[in-house]
Amino acid sequence: LVEAKTVERSVEAVGTLVALEEAVVSAEVTGRVRSIAADLGDHVKAGQALAFLDPTDFRLALDDARSAHQTNVKALDKEKARLADADTTLKRYEELYKNGMVSNSQFDSARTQFDVARAQLSEAEARVEQSSAKMGLAKERLDDATVKSPIDGEVRERFISKGETIEANKKAFAVVSTGVLKFRGTVAESAVPQMKTGQAVMIAVEAFKEREFKGVLKRVSPAVDAETRTLAIEAEVPNAKGELKPGFFAKARIFTRKDSGVPFAPESAVYSFVGVTKVFVVKDGAVREKTIKTGARDGSFIEIVGDVLPGDAIASTNLANLFEGAKVNITE
């Protein structure tokens, strides 16, 4: 009998595993490498030190900037006190001038002193702001003497050595994020209507022949490549144990839908000759020849696509001698 089975439909894709994120870490300042804190294959966290440059010059520059800033802050305090005195004097002279107790020139002198004190305070505030900025820059440069990883991941490559003097912006490390990998691949043009983000994906690689790794389809290209007639896709694959490696060639099965009540017949009941595939449906002691196509496989059963339904009785022996209308005996 033809059996009804449930089939998960899938589309195949081929591609490559790549890191979800990759960062080339550069030195932000020029200096001599004092020590290396991470090397090839090491797991690192975002913000973790990868290497240390000699901080001596940067620390001295910070000390100088801090000293200059403190001097400017003290000068600002003096100018504030001087302005307060000038303000008090000006207010007193205003009252005296109103009462005719001081001359016009004396009042003008007091007002001039106040204006000068206010201008000097503004200059002192500007110097404090400028020295604060320089001190912040010096702190940043001292911090940049430590080369840090910007992401969680593993060190893919180290480009610097201990004792080497490196220039600012010289690449020092390459760090890849491997906790989740991306599968980048292509599917045939005919599969385009079936591709939807969120679909389950099973990834197979040569290094683990007996296993598959589950992922999720995340991105589908909006256009088909005109030369290859394929569609680019991306899936994300969890890789908490780090077993998968960026660069692996991979094959993917993208599950598109689940069909139930699909007719399956024993493979022994399917007859092929000169490119034509058929089965022989038995009804009322005679056979009816049905031309079909085959689909998915399930053990020794194969999907039948054609005018055949679950529950139909079909011949499974002596197929080469059967023909339309041939009389047969059914044996259990």
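Above this text sits the structure in question.
As the structure is a prediction and not an experimental result, all values here were calculated from the model. (Residues numbered from 1 in each chain as written. Predicted model: local features only at pLDDT ≥ 70, side-chain atom pairs only at ≥ 80, totals over all residues. Heavy atoms only, no water.)

Chemist: I keep staring at the sheet that holds strand E15 (residues 286-291) and nothing clicks. Help me out?
Modeler: Whenever strands of a sheet pair, they do so through backbone hydrogen bonds, lying parallel or antiparallel. Taking strand neighbours across the sheet as the criterion, the three strands line up as E13-E14-E15 in an open arrangement whose pairing is antiparallel. Edge strands, defined here as strands with exactly one partner in the open sheet, are strand E13 (271-273) and E15. Strand-to-strand twist of the sheet, defined as the mean angle between neighbouring strand axes without regard to direction, takes the value 35 degrees. The pairing of strand E14 (residues 276-283) with E15 spans six bridges and is classified as antiparallel. Across the sheet, the residue bridging to Val282 is Val287, located in E15. (Pairing = 2+ DSSP bridges. Helix = DSSP H or I, 4+ residues; strand = E, 2+ residues; numbered from the N terminus. Axes fitted to C-alpha atoms, helices over the stretch in contact; angles between N-to-C directions.)

Chemist: Whenever I open this one, the pattern of salt bridges confuses me. Can you help?
Modeler: Side-chain pairs of opposite charge can arise where the charged atoms are in close proximity. Taken as a whole and assessed by the stated rule, the structure comprises 26 salt bridges. Here Asp87 makes a salt bridge to Lys91, at a shortest N to O gap of 3.3 Å. Highlighted residues: Asp87 and Lys91, both in helix H1 (residues 56-98), separated by four residues, approximately one helical turn. You can call Asp87 partly exposed: its relative accessible area is 25%. By relative accessible area, Lys91 is classed as partly exposed at 48%. (Salt bridge = Lys/Arg side-chain N within 4 Å of Asp/Glu carboxyl O. Buried < 20%, exposed > 50% of the residue type's maximum accessible area, 1.4 Å probe, protein only.)

Chemist: Even after reading the chapter, I still don't get the pairing of strand E9 (residues 200-205), so can you show me in this structure?
Modeler: Here is the key point about a regular strand: its side chains alternate between the two faces of the sheet. Bridge analysis of E9 against strand E10 (residues 213-224) gives four bridges, and the strand direction is antiparallel. Looking at the pairing, Ala200 lines up with Val216 of E10. Where E9 meets strand E12 (residues 249-266), five bridges bridge the pair, whose relative direction is antiparallel. Looking at E12, one finds that Met202 is bridged to Arg253.

Chemist: Just checking my understanding: could you explain helix H2 (residues 104-144) for this structure?
Modeler: Think of an α-helix as turning once every 3.6 residues; residues three or four places apart then point the same way. Its 41 residues give H2 an end-to-end C-alpha distance of 60 Å, which sits within 8% of 60 Å, the value for a rise of 1.5 Å per residue. Among the structural elements, H1 and strand E5 (146-148) are those in contact with the buried residues of H2. (Expected span 1.5 Å × (residues − 1). Contact = heavy atoms within 4.5 Å.)

Chemist: Is there a simple way to explain H1 in this structure?
Modeler: Taking 1.5 Å of rise per residue, 43 residues should cover 63 Å, and H1 covers 63 Å from first to last C-alpha, within 8% of that figure. Taken residue by residue, H1 has Phe58, Leu62, Ala65, His69, Asn72, Leu76, Glu79, Leu83, Ala86 and Leu90 as its buried positions. Turning to H1, the residues buried within the fold contact H2.

Chemist: Looking at this structure, I do not really get the sheet that holds E5. What am I missing?
Modeler: A sheet is described by the order of its strands in space; here four strands give the open sequence E5-E4-E2-E7, paired in antiparallel fashion. In this open sheet, the two edge strands, each paired with only one partner strand, are E5 and strand E7 (165-166). By the bridge criterion, two bridges tie strand E2 (residues 31-36) to E7 in an arrangement that is antiparallel. Across the sheet, residue Arg32 finds its bridge partner in E7, namely Thr165.

Chemist: I tried to follow the packing of H1 against H2 on my own but got confused; where do I start?
Modeler: Helix-helix packing is characterised by the crossing angle of the two axes and by the distance between the axes. Their axes nearest at 7 Å, the elements H1 and H2 cross at an angle of 160 degrees. Put simply, H1 runs roughly antiparallel to H2. Once H1 is placed against H2, the crossing between them reads as left-handed. Taken together, the residues of the contact of H1 with H2 break down into 22 nonpolar, nine polar and 14 charged. (Parallel < 35°, antiparallel > 145°, perpendicular 65-115°, else oblique. Left-handed = near helix turned anticlockwise from the far one by under 90°. Nonpolar A, V, L, I, M, F, W, Y, C, P; charged D, E, K, R; others polar.)

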